[in-house]
Amino acid sequence: MRIDILTIFPGMFRGPFEESIVKRAVDKGLVQVFLHDIRDYASDKHRTVDDYVFGGTQGMLMKAEPLFAAVEDVQSQAPERGPIVLLTPQGRLFSQEVAAELAGHDRLILICGHYEGVDARVHEHLATDEISIGDYVLSGGELAAMVVVDAVVRQIPGALGSPLSSADDSFAHGLLEHPQYTRPADFRGMKVPEVLLSGNHAEIARWRRQQSLLRTAKRRPDLLARADLTDEERQWLLTNLPNQ
Ligand code: 6GU
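Quick notes on the sheet that holds strand β7 (residues 129-132)
Link 1 in the chain: Taken in spatial order, the five strands line up as β2-β1-β6-β5-β7 in an open sheet, and their pairing is parallel. The sheet is open, and its two edges are formed by β2 (32-37) and β7, each paired on a single side. Across the sheet, the mean angle from the axis of one strand to that of its neighbour is 35 degrees, orientation sign disregarded.
Link 2 in the chain: Relative to strand β6 (residues 107-112), strand β1 (residues 2-7) is paired through five bridges, and the arrangement is parallel. Across the sheet, the residue bridging to Arg 2 is Arg 107, located in β6.
Link 3 in the chain: On top of the sheet, helix α4 (residues 96-103) reaches β5 (84-93), β6 and β7; it is set at about 170 degrees to β5, its chief contact.
Link 4 in the chain: Packed onto the sheet, helix α6 (residues 142-153) meets β1, β5, β6 and β7 and runs at close to 160 degrees relative to β6.

Written as structure tokens, this is what we have:
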């Protein structure tokens, strides 16, 4: 997979992409990440990428020309085609499903929005997808792009240490993950649940599933409503949920 990121702050990406999962995936040749400074595509000597809003509201907008020029140039650098994603609070909400969908492409172009927003012609005629990472306002699309890249890259087969790890993530099955423990079995009197030390794999699997159900019911009832539960599990939850 090739990911091209268009940003006015390429330096913001260096730390996060030079550590951890993304770095490992790049080192293994599973993904290539290219950063492009939108200012390189400005047409004036001041490298202007923003301008006043027609109609006279306050603030500045990202200009259309440098963004169109950047996308066209970046596309010409490799033959693969894929979605052109604008990171904007106006976009569809990012989720594990959206990450999986994006991970299925050979190529992603991510555009980081800034200022009060982006010229509407970029939304309408350049971007093929618009993504928001949540209902809060960030100062720019960069942090959102990092979130998207991390969530997408960890889905590429081989990107994680173990092949099981991304399938086991919270949300992979529509439920939150069960609690997990490592040694020691007793830390300051806080004990690891007995069942996990039992060696009984069927019992452990049942306990984990029940913990996932309880946790999801308590913290994310919205997820539970959409999750794939057996009738038996729904019944079990009804009798085991502590009353609020
Ligand atoms: Cl993609 N951009 C900005 N500026 N703010 C956001 C966002 C994106 N997603 C959530 N908040």
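Some thoughts on helix α7 (residues 201-219)
Link 1 in the chain: Across its 19 residues, α7 extends 27 Å between first and last C-alpha, which sits within 8% of the 27 Å expected from 1.5 Å per residue.
Link 2 in the chain: Taken together, the buried positions of α7 are Ile 204, Trp 207, Ser 212, Leu 213, Thr 216 and Ala 217.
Link 3 in the chain: Buried-residue contacts for α7 involve α8 (221-226) and α9 (231-240).
Link 4 in the chain: For α7, the N-terminal cap is Asn 200; the gap from its side-chain oxygen to the backbone nitrogen of Ala 202 is 3.3 Å.

What counts and what doesn't
Sequence order sets the numbering: in each chain, residues are counted from 1 along the sequence as written. Local features in a predicted model are, by the rule used here, given only for residues with pLDDT of at least 70; side-chain atom pairs are given and counted only at 80 or more, and totals for whole chains, interfaces and linings are based on all residues. The basis for every side-chain value is the complete set of heavy atoms in the structure, and neither hydrogens nor water enter the calculation. Should DSSP find at least two bridges between two strands, the strands are taken to pair. The way it works is that DSSP assigns letters per residue, a run of H or I at least four long becomes a helix, a run of E at least two long becomes a strand, and they are numbered from the N terminus. Helix axes are fitted only over the stretch in contact, all axes being lines through C-alpha atoms; the angle between N-to-C directions runs from 0 to 180 degrees. Whether two residues are in contact is decided by their heavy atoms, any of which lying within 4.5 Å being enough. Take the number of residues in a helix, subtract one, and multiply by 1.5 Å to get its expected span. Buried, partly exposed and exposed residues are distinguished by accessible area as a fraction of the type maximum, computed with a 1.4 Å probe on protein chains only: under 20%, between the cut-offs, and over 50%, respectively. Polar contacts, as counted here, are pairs of nitrogen or oxygen atoms within 3.5 Å of one another; within protein the pair requires one atom able to donate a hydrogen and one able to accept it, and residues that are adjacent in sequence qualify only if both atoms are side-chain atoms.

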